[in-house]
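Residue-level structural notes
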Amino acid sequence: MDVGVGHMETVTAIQHWSERTLSISTTRPDGYAFRPGHYARLSLPEFERPLWRPYSIVSTAAQPQLEFLFSIIPDGKLTSLLGKVEVGAPILIDRNPMGFFLEDSLSPGDTLWLLATGTGVGPYISLLREGQIFAKYRQIYLVYSVRERAELAYDQELQTLQRQNADRFRYLPVVTREPGSGFLSERIPTLIESGRLEAALEVAPLNTERDRVMVCGNPEFTATMRTLLNERQFVPCRRGLAGTMLFEKYW
Ligand SMILES: Cc1cc2nc3c(=O)[nH]c(=O)nc-3n(C[C@H](O)[C@H](O)[C@H](O)COP(=O)(O)OP(=O)(O)OC[C@H]3O[C@@H](n4cnc5c(N)ncnc54)[C@H](O)[C@@H]3O)c2cc1C
Ligand SMILES: NC(=O)c1ccc[n+]([C@@H]2O[C@H](COP(=O)([O-])OP(=O)(O)OC[C@H]3O[C@@H](n4cnc5c(N)ncnc54)[C@H](OP(=O)(O)O)[C@@H]3O)[C@@H](O)[C@H]2O)c1
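Residues numbered from 1 in each chain as written. Chains lettered and ligands numbered in written order. Predicted model: local features only at pLDDT ≥ 70, side-chain atom pairs only at ≥ 80, totals over all residues. Heavy atoms only, no water.

1. Quick look at the pattern of salt bridges
Scanning all chains against the criterion turns up 10 salt bridges. Salt-bridge contacts for Glu67 lead to Arg129; the nearest nitrogen and oxygen are separated by 3.0 Å. Linking Glu67 in strand 5 (residues 66-71) with Arg129 in helix 2 (residues 122-130), this pair joins segments that are 62 residues apart in sequence. Owing to a relative accessible area of 26%, Arg129 belongs among the partly exposed residues under this scheme. Each of Glu67, Arg129 and Glu157 takes part in one network of salt bridges that share partners. (Salt bridge = Lys/Arg side-chain N within 4 Å of Asp/Glu carboxyl O. Helix = DSSP H or I, 4+ residues; strand = E, 2+ residues; numbered from the N terminus. Buried < 20%, exposed > 50% of the residue type's maximum accessible area, 1.4 Å probe, protein only.)

Okay, here's the thing in structure tokens:
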């Protein structure tokens, strides 16, 4: 329902992944068109004036509902309330989706690397669910770093996708604060600098001939990856100009 400042929608499902990481599904406004990589601005009616925060859309255009993944930030103005909403609660969604974290901004390549920290995995879930990238790339690698194993949102879905696309898609969880978990445990830039990430996949080091890279999440992570990839001659996408690396910085 259009309420002037945006759409007033309804929470339809909530999935808790860990104490502070959850997904919320909502009704979808009429005619709300978006692509994987777009984000919606969300707020709650509790605020006198909407306190908008952007959230990547996890669902696809083919799904009837909108889905978002988020972390409850201690003292976070919006997430401390979002973490308490229940099914049936009203939620505000800004009029139109936005964003430039769109895979087709990249020039054509052989292998697509999807690198995420924390909730930065959200836009990749949308991209993988939609599935068009499977026709565009010979190989797709999703590298997803969280502190603890319990925070690996969509883990089962990603494992299933890997089984269904065993020759095309590899899912590599990284768990940095749970020694002995058996997962890769160093931060993604360290794994790439040392060559241990590519070694784990048994492929040659990242290079612009073969690879296209999307990076999403923690701002220090995106900055480090930009420097690292820049040193390897990767070129950022600019509006209207295809590149070989693409970034979404969450805060
Ligand atoms: C394009 C874009 C897309 C985004 N998509 C998502 C998403 O899909 N899921 C999501 O959880 N967040 C996402 N964010 C971050 C989100 O918009 C909010 O900043 C976040 O939820 C905190 O809001 P808040 O009002 O609770 O915190 P505030 O009171 O505004 O506090 C902000 C502080 O919390 C920390 N912080 C903010 N976001 C995060 C985060 N995701 N993880 C860890 N620490 C954080 C930072 O220290 C920041 O300074 C996105 C941001 C951008 C710019
Ligand atoms: N996760 C928790 O248990 C927890 C609990 C309470 C509060 N919080 C708060 O919630 C917020 C978000 O936590 P989060 O765990 O979702 O996100 P995060 O701090 O961004 O961590 C997510 C993943 O990204 C890695 N990472 C962090 N900085 C990086 C960098 N510069 N380069 C490469 N990798 C990097 C982390 O590794 P490292 O482990 O090496 O940092 C972790 O594997 C923080 O502000 C935190 O204070 C988190």
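2. Overview of the side chain of Arg210
Residue position: Arg210 is located in the loop between helix 6 (196-201) and strand 10 (211-217). Assessed through its relative accessible area of 15%, Arg210 is described here as buried. Side-chain polar atoms of Arg210 contact the backbone oxygen of Ala204, separated by 2.8 Å. If we ignore the near neighbours within four places in the chain, the residues touching Arg210 are Gly109, Asp110, Thr111, Trp113, Val203, Ala204 and Pro205. (Polar contact = N/O pair within 3.5 Å; in protein donor to acceptor, adjacent residues only side chain to side chain. Contact = heavy atoms within 4.5 Å.)

3. Focus on a nonpolar patch on the surface
Nonpolar side chains collect at one region of the surface, where Met1, Val3 and Val5 lie side by side and expose about 280 Å² of accessible area between them. Here Met1 is to be found in the segment before strand 1 (7-18). Given a relative accessible area of 63%, Met1 falls into the exposed group. (Patch = residues over 30% accessible without salt bridge, like charges linked within 9 Å, V, L, I, M, F, W, Y side chains within 5 Å. Areas by Shrake-Rupley, 256 points an atom, 1.4 Å probe, with all protein chains shown as cover.)

4. Considerations on the nonpolar core
Ranked by internal contacts, the top residues of the largest apolar core, which has 31 residues, are Leu128, Leu142 and Tyr144. Elements with a minimum of two residues in this core: strand 7 (111-117), helix 2, helix 3 (133-136), strand 8 (139-146), helix 4 (155-164), strand 9 (169-175) and strand 10. Excluding residues within four positions of it along the chain, Leu142 makes contact with Leu114, Val121, Tyr124, Leu128, Leu158, Phe169, Arg170, Tyr171 and Leu172. (Core = buried A, V, L, I, M, F, W, Y, C linked by side-chain atoms within 4.5 Å.)

5. With respect to the environment of Pro54
One can find Pro54 in strand 4 (residues 53-56). Considering only alpha carbons, one finds Pro54 and Thr160, 106 residues apart in sequence, at a separation of 29 Å. In this structure, Pro54 is in contact with Tyr39, Ala40 and Arg41, ignoring residues within four places of it in sequence.

Geometry only, nothing functional implied.
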